[in-house]
Amino acid sequence: MTDSDDFRFETRSIHSGQEPDEKTGALMTPIYANSTYVQDGPGDHRGYEYSRTGNPTRTDLEDNLASLEGGEYGRAFSSGMGAINTVLNLLSSGDHVIASEDVYGGTHRIFTQVYADYDVEFSFVDMTDPDEVADAVRENTELLWVETPTNPLLNVVDIAAMADIAADADALCAVDNTFATPYLQRPLELGADIVSHSLTKYLGGHSDVVGGALITDDAELDEQIGFYQNSVGATPGPHDCFLVLRGTKTLGVRMDRHCDNARDIAHWLDDHDAVDTVYYPGLESHPNHELAAEQMNDFGGMVSFELDASLEEAADVVSETEVFTLAESLGGVESLIEQPATMTHAAIPKEERLAAGLTDGLIRASIGIEHVDDLKADLQQAFDAALK
Ligand SMILES: *Cc1c(COP(=O)(O)O)cnc(C)c1O
């Protein structure tokens, strides 16, 4: 029988890690709601002992995710932060980490408010400039933490260049691939050591589950990750694993529609009088457009744009939408809209926020898979209602 890992992405997303159940022939991976497993003699088990250590529903998800990233080993976690925490567990006090200055807020928080207390040092740099990253390398640099495209300005970082810098420094290169998904970008193929995911976003895809994952090609690294996964215990339950498995089956078709809708809306906004700047890597005017075209299969479903508007007017726009839901998070089938200055990025002091380009009139949209004409009409009626 052909190894399902030899198939193309869309086929693997449906079949990898998911053989019909041996006992019953059930097509879908069962939800093994189960904490413990019989042993045929002391220490003589059938592959599972205790569900924190391993659970069959989770195994199918982990194998599925590994296959999608083109990696050998997958590990699932109870949240994206649980996955990120596990990468940081690989470090020791005195180690140094380089990350991009516009890293995900929760990642910035765990770096600066949790691990800094354990004497791990962090440098935040502009990762779109490889020279700046190379200059930040120190003797004790053990990890480069890469996120691309970034949130909310959708800058694109050269993953292969980051992997080279990490290799030269004898450090690990970890890439948070949440925004792009493996359908659009596969960091392991570009030289990264670890891929990290918030499964909560596109991989789950239906705004109904929180989860995380780490994927790697290196057996030794996977063993370390597995040790911390089991020791720290931020593991997902079987119901959550089932929901993500259900989500990954349609990842390809969903991402195609997310990308088509986002491209259409980005161009429409780019031509719109009410809009100053559109941040979308698929626009030729985007500063990293060429790199994005090379590194990604398409440009993703996130679009940010700056209105010629005050904080209050922009807040009114995101409050007036009817098809777009005013909410944080992203990657679900439904379109979401938010104002970074008052929501996802409100914790950043104002001066720092403005210096980073996160203006009062900035709006971030997670473009869903509704009909694109309804989405454009909704934005237009919100502009009409809020911008006088
Ligand atoms: C949401 C998110 C996370 C955190 O994941 P949770 O599932 O919310 O814990 C990490 N990185 C990125 C880029 C995210 O969007």
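Placed above this text is the structure.
Calculation notes
Residues numbered from 1 in each chain as written. Predicted model: local features only at pLDDT ≥ 70, side-chain atom pairs only at ≥ 80, totals over all residues. Heavy atoms only, no water. Pairing = 2+ DSSP bridges. Helix = DSSP H or I, 4+ residues; strand = E, 2+ residues; numbered from the N terminus. Contact = heavy atoms within 4.5 Å. Axes fitted to C-alpha atoms, helices over the stretch in contact; angles between N-to-C directions. Core = buried A, V, L, I, M, F, W, Y, C linked by side-chain atoms within 4.5 Å. Buried < 20%, exposed > 50% of the residue type's maximum accessible area, 1.4 Å probe, protein only. Domains from an automatic or database assignment. Near = heavy atom within 4 Å. Polar contact = N/O pair within 3.5 Å; in protein donor to acceptor, adjacent residues only side chain to side chain. Areas by Shrake-Rupley, 256 points an atom, 1.4 Å probe, with all protein chains shown as cover. Nonpolar A, V, L, I, M, F, W, Y, C, P; charged D, E, K, R; others polar.

A. Spatial organisation of the sheet that holds strand β13 (residues 336-338). Read across the open sheet, the 5 strands follow the order β10-β11-β14-β13-β12; overall the sheet is mixed. Strands at the two margins of the open sheet, each flanked by one partner only, are β10 (275-279) and β12 (325-326). Pairing of β10 with strand β11 (residues 302-307), which is carried by 4 bridges, proceeds in the antiparallel orientation. Along β11, the bridge assignment pairs Thr-277 with Glu-306. Where helix α12 (residues 311-320) meets the sheet, its contacts fall on β11, β12, β13 and β14 (362-366), and the angle it forms with β14 comes to roughly 20°.

B. Quick look at the nonpolar core. If you look at the biggest cluster of nonpolar residues, it comprises 59 residues, and the most contacted ones within it are Leu-269, Val-278, Leu-307 and Phe-383. Ranked by residues supplied to this core, first place goes to helix α10 (residues 251-270) with 7 residues. In terms of domain composition, this core takes at least three residues from each of domain 1 (4-248) and domain 2 (251-386). Discounting residues that sit within four places of it in the chain, Leu-307 has contacts with Ala-274, Val-275, Asp-276, Ala-314, Val-317, Gly-361, Ile-363, Phe-383 and Leu-387.

C. Region of the structure containing the site of the ligand. As a matter of local geometry, the ligand sits amid 13 residues, with Gly-80, Asp-176, Ser-198, Thr-200 and Lys-201 nearest to it. Here Asp-176 contributes a side-chain N or O atom positioned 2.7 Å from a nitrogen atom of the ligand. Between an oxygen atom of the ligand and a side-chain N or O atom of Thr-200, the distance comes to 2.6 Å. Computed on the free molecule, the ligand has an accessible area of 380 Å², of which 91% lies beneath the protein chains in the complex. Along the lines of polarity and charge, the residues of the shell around the ligand split into 4 nonpolar, 6 polar and 3 charged.

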